[in-house]
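Chain and residue survey
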Amino acid sequence: MASCESTDFDQIPRNGFITHFEETDHARMPFDSYWDISDNKDWDERVRGDENKSNPIYVAPVTLKYVADAPKTSRERRDLEELARYFDARLHSVLGKLDAADNTFNLISQPRADAYTVQIAILSVKPAKKLENLAGDAAGFFVRGGGLITAADREAKGSISMGARYYAPGGKLVAEVADFQRGQTSLLGMALVDLNDFSRYGYQRRTIDQWVDAFAKLFTTTHSTRVKKPLFTIKPF
């Protein structure tokens, strides 16, 4: 029987950015789709610091070129562009700290032939339905406190999907991942008003935070390390 998570695989847009879709069992990757042709030997040697290997890694700006259902108004476009900038800022902030702390990780600002290259695209995004969320909050914390978070509740919080392509030095495509996430209520938000209900893409920022944390762990661990998809977040906003 398929898990509840596996159904999200079908929600990832097939719009040309990702060319290899393989549903994951989440044994290693916290993403719904994962494809890889590398034997991971060079990557694991870099992570372990074998032979002083420290290949540079270039993370390209997050692109909106492949977003399904393009924004219809200038305000929606600005909000989406701000979301992409948030994704970029979080990635470079977290990865920059790893670079400073770990001599096997070298984040660079421009592409190079000898560097690993990561390209990330937001593939779809739906904002939270704020009026519906606020009405649910006004009903009181007993429903949330009791843990009765329904599918409709999560649907009202919007969704986001992304894809990432990974190139080895020299430009060969060696891995692709993609993921779809509906808005998640924080642990605090299960009992109190969730401040993301007031924000167009607040829940999607929360998902981006989780993706960035996953990328950070994947970039700094050997291929056998399991990175789990979180069921909820402790962040209230």
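First, a word on scope: everything that follows refers to the structure included in this document. (Residues numbered from 1 in each chain as written. Predicted model: local features only at pLDDT ≥ 70, side-chain atom pairs only at ≥ 80, totals over all residues. Heavy atoms only, no water.)

As for its position among the elements, Asp179 is in strand 6 (residues 173–182). Within the structure, Asp179 has its side chain in polar contact with the backbone nitrogen of Asp32 (distance 3.0 Å). Only 2.8 Å separates the side chain of Asp179 from the side chain of Trp211, close enough to count as a polar contact. If sequence neighbours within four positions are ignored, Asp179 has contacts with Ile12, Pro30, Phe31, Asp32, Ile160, Ser161, Met162, Trp211 and Lys229. (Helix = DSSP H or I, 4+ residues; strand = E, 2+ residues; numbered from the N terminus. Polar contact = N/O pair within 3.5 Å; in protein donor to acceptor, adjacent residues only side chain to side chain. Contact = heavy atoms within 4.5 Å.)

Now for the sheet that holds strand 5 (residues 159–167). Taken in spatial order, the six strands make up an open sheet running 1-6-5-4-2-3, and their pairing is mixed. With one partner strand each, in any of the chains shown, strand 1 (33–36) and strand 3 (106–108) form the two edges of the open sheet. Going across the sheet, the axis of each strand differs from the next one's by a mean of 20°, ignoring polarity. Packing against the sheet, helix 1 (residues 41–48) makes contact with strand 2 (56–59), strand 4 (116–126) and strand 5, and its axis sits at approximately 100° to strand 4. Seen against the sheet, helix 2 (residues 74–101) touches strand 2, strand 3, strand 4 and strand 5 and runs at an angle of roughly 145° to strand 4. (Pairing = 2+ DSSP bridges. Axes fitted to C-alpha atoms, helices over the stretch in contact; angles between N-to-C directions.)

Here we take up the environment of Lys228. Checked against the element boundaries, Lys228 lands in the segment after helix 6 (202–219). For Lys228 and Ala27, which are 201 residues apart along the polypeptide, the C-alpha to C-alpha distance reads 7.9 Å.

Moving on: the nonpolar core. In terms of nonpolar packing, the biggest core is built from 42 residues, with Phe31, Phe87, Leu91, Ile122 and Phe215 touching the most fellow members. At the level of secondary structure, the elements contributing two or more residues to this core comprise helix 1, strand 2, helix 2, strand 4, strand 5, strand 6 and helix 6. By residue number, the principal contributor to this core is helix 6, which donates eight residues. Ignoring anything within four residues of it in the chain, the contact list for Ile122 reads Val62, Thr63, Leu64, Tyr66, Val67, Leu83, Ala84, Phe87, Ile160, Ser161 and Met162. Phe9, Phe17, Ala121 and Leu123 belong to the second-largest nonpolar core, a separate cluster that totals eight residues. (Core = buried A, V, L, I, M, F, W, Y, C linked by side-chain atoms within 4.5 Å. Buried < 20%, exposed > 50% of the residue type's maximum accessible area, 1.4 Å probe, protein only.)

Before going further, it helps to examine the pairing of strand 5. Most of strand 5 sits out of view: nine of its nine residues are buried. Both faces of strand 5 are covered, namely the face carrying Ser159, Ser161, Gly163, Arg165 and Tyr167 and the face carrying Ile160, Met162, Ala164 and Tyr166. Bridge count between strand 5 and strand 6: nine bridges; the pairing is antiparallel. Looking at the pairing, Tyr167 lines up with Leu173 of strand 6.

Attention shifts here to the environment of Glu22. Summarising the element assignment, Glu22 is placed in the segment before strand 1. Take Glu22: its relative accessible area is 40%, and that puts it in the partly exposed class. Apart from the residues within four sequence positions on either side, Glu22 is in contact with Phe9, Asp32, Ser33, Tyr34 and Trp35.

In total, this model carries five aromatic pairs according to the counting rule given. Taken together, Phe31, Phe215 and Phe219 form an aromatic cluster joined through their ring pairs. A cation over an aromatic ring shows up here: Arg14 above the ring of Phe21, its NZ or CZ 4.2 Å from the ring centre. Taking NZ or CZ as reference, Arg205 lies 5.4 Å from the ring centre of Tyr86, over its face. (Phe/Tyr/Trp six-rings, centres within 6.5 Å; stacked < 30°, edge-to-face > 60°. Lys NZ or Arg CZ within 6 Å of the ring centre and 35° of its normal.)

Take Arg226: it is sitting in the segment after helix 6. Expressed as a C-alpha distance, the spacing of Arg226 and Met29, which sit 197 residues apart in the sequence, is 6.8 Å.

Between two packed helices, both the angle of their axes relative to each other and the distance between the axes serve to describe the pair. Direction vectors running N to C along helix 2 and helix 6 enclose 30°, while the axes themselves pass 10 Å from each other. In terms of their interaxial angle, helix 2 and helix 6 are classed as roughly parallel. By crossing handedness, the relation of helix 2 to helix 6 is classed as right-handed. Here helix 2 contributes Glu82, Leu83, Tyr86, Phe87, Arg90, Leu91, Val94, Leu95 and Leu98 to the contact with helix 6, which in turn contributes Gln204, Arg205, Ile208, Asp209, Trp211, Val212, Asp213, Phe215, Ala216 and Phe219. (Parallel < 35°, antiparallel > 145°, perpendicular 65-115°, else oblique. Left-handed = near helix turned anticlockwise from the far one by under 90°.)

Here we come to the side chain of Gln181. For Gln181, the position within the fold is in strand 6. Aside from chain neighbours lying at most four places away, what touches Gln181 is Ser159, Ile160, Thr207, Gln210, Trp211 and Lys229.

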